[in-house]
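# Examination of the molecular architecture
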Amino acid sequence: MKISELFRKKTPAADKRREFYERSCSRLTEQLENIRSNFDMTEDADSIDALIYEENAVLCRLDSLYKQARSEGIALEPHERRRYY
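Residues numbered from 1 in each chain as written. Predicted model: local features only at pLDDT ≥ 70, side-chain atom pairs only at ≥ 80, totals over all residues. Heavy atoms only, no water.

## Some thoughts on the overall build of the protein
Put simply, the rule is: Secondary structure is summarised from DSSP: a helix means a run of H or I of at least four residues, a strand means a run of E of at least two, and numbering begins at the N terminus for each. Relative accessibility under 20% of the residue-type maximum defines a buried residue, over 50% an exposed one, and the middle range a partly exposed one, all with a 1.4 Å probe and only protein chains included. Between two residues, a contact is recorded if the distance between any of their heavy atoms is within 4.5 Å.
Tallying secondary structure elements over the protein gives three helices and zero strands in all. Along the protein, from the amino end to the carboxyl end, the secondary structure elements read α-α-α. Taking all 85 residues of the protein together, 25% fall into the buried category. A fraction of 65% describes how many contacts in the protein between residues 6 or more apart in sequence connect residues 24 or more apart.

Below, the structure is given as structure tokens:
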């Protein structure tokens, strides 16, 4: 066994689950921000419709993530829900 392994703090399973949910939430929130920033650069109706569907899909995944985390006793900070259409 290496010395570094002796002093490395082991992360309990609950902390790993929390990190998983926080990373997932962060990734989805970033996707949502990217989608919303694309609304400013899009002019045709079909592209706007596609962005709306993408935004709704990410919002549904975020809601599902929050429900899963809550069922495991993990509280996540909610993202800002703003719509641009």
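Having seen the structure, we can now continue with the description.
## Some thoughts on the confidence of the model for the protein
For the record, the criterion: Confidence scores per residue from the predictor, reported as pLDDT, run from 0 to 100.
The predicted model of the protein has a mean per-residue pLDDT of 84, with 79% of residues at 70 or higher. When pLDDT is averaged over each element of the protein, helix H3 (residues 45–71) comes out on top at 95 and helix H1 (residues 3–7) at the bottom at 60.

## Here's the deal with helix H2 (residues 13–38)
How we decide: Under the convention used throughout, the expected extent of a helix is 1.5 Å for every residue step, that is, one less than its residue count.
Taking 1.5 Å of rise per residue, the 26 residues of H2 would be expected to cover 38 Å, and the 38 Å separating its terminal C-alpha atoms lies within 8% of that figure. When H2 is considered as a whole, its buried residues turn out to be Tyr21, Ser24, Cys25, Leu28, Leu32, Ile35 and Arg36. For H2, the secondary structure elements touched by its buried residues are H3.

## Considering the nonpolar core
Quick reminder of the rule: Remark: nonpolar core denotes a set of buried residues (Ala, Val, Leu, Ile, Met, Phe, Trp, Tyr, Cys) joined through side-chain atoms within 4.5 Å.
Ranked by size, the top nonpolar core spans 16 residues in total, and within it Tyr21, Cys25, Val58, Leu62, Leu65 and Leu76 carry the most contacts. Only H2 and H3 provide two or more residues apiece to this core. If one sorts the elements of this core by residue count, H3 sits on top with eight residues. Sequence-distant contacts of Leu76, that is, excluding residues within four places in its chain, are made with Arg18, Tyr21, Glu22, Cys25, Leu65, Tyr66 and Ala69.

## Points about the pattern of salt bridges
Note the following rule: Here a salt bridge means any side-chain nitrogen of Lys or Arg lying within 4 Å of a carboxyl oxygen belonging to Asp or Glu.
Within the structure shown, the criterion is met by three salt bridges. The salt bridge partner of Arg36 is Glu55, with a shortest N-O separation of 2.6 Å. Here Arg36, found in helix H2, pairs with Glu55, found in helix H3; they are 19 residues apart in sequence, far enough to count as distant. Here the two residues Arg36 and Glu55 agree in accessibility, since each one is buried.

## Topic: H3
A rise of 1.5 Å per residue sets the reference length of H3, with its 27 residues, at 39 Å; its end C-alpha atoms lie 39 Å apart and thus fit the reference within 8%. The set of residues buried in H3 consists of Leu51, Ile52, Glu55, Val58, Leu59, Leu62, Leu65, Tyr66 and Ala69. Immediately beyond the C-terminal end of H3, within one or two residues, lies Gly73, with a positive phi of roughly 80°.

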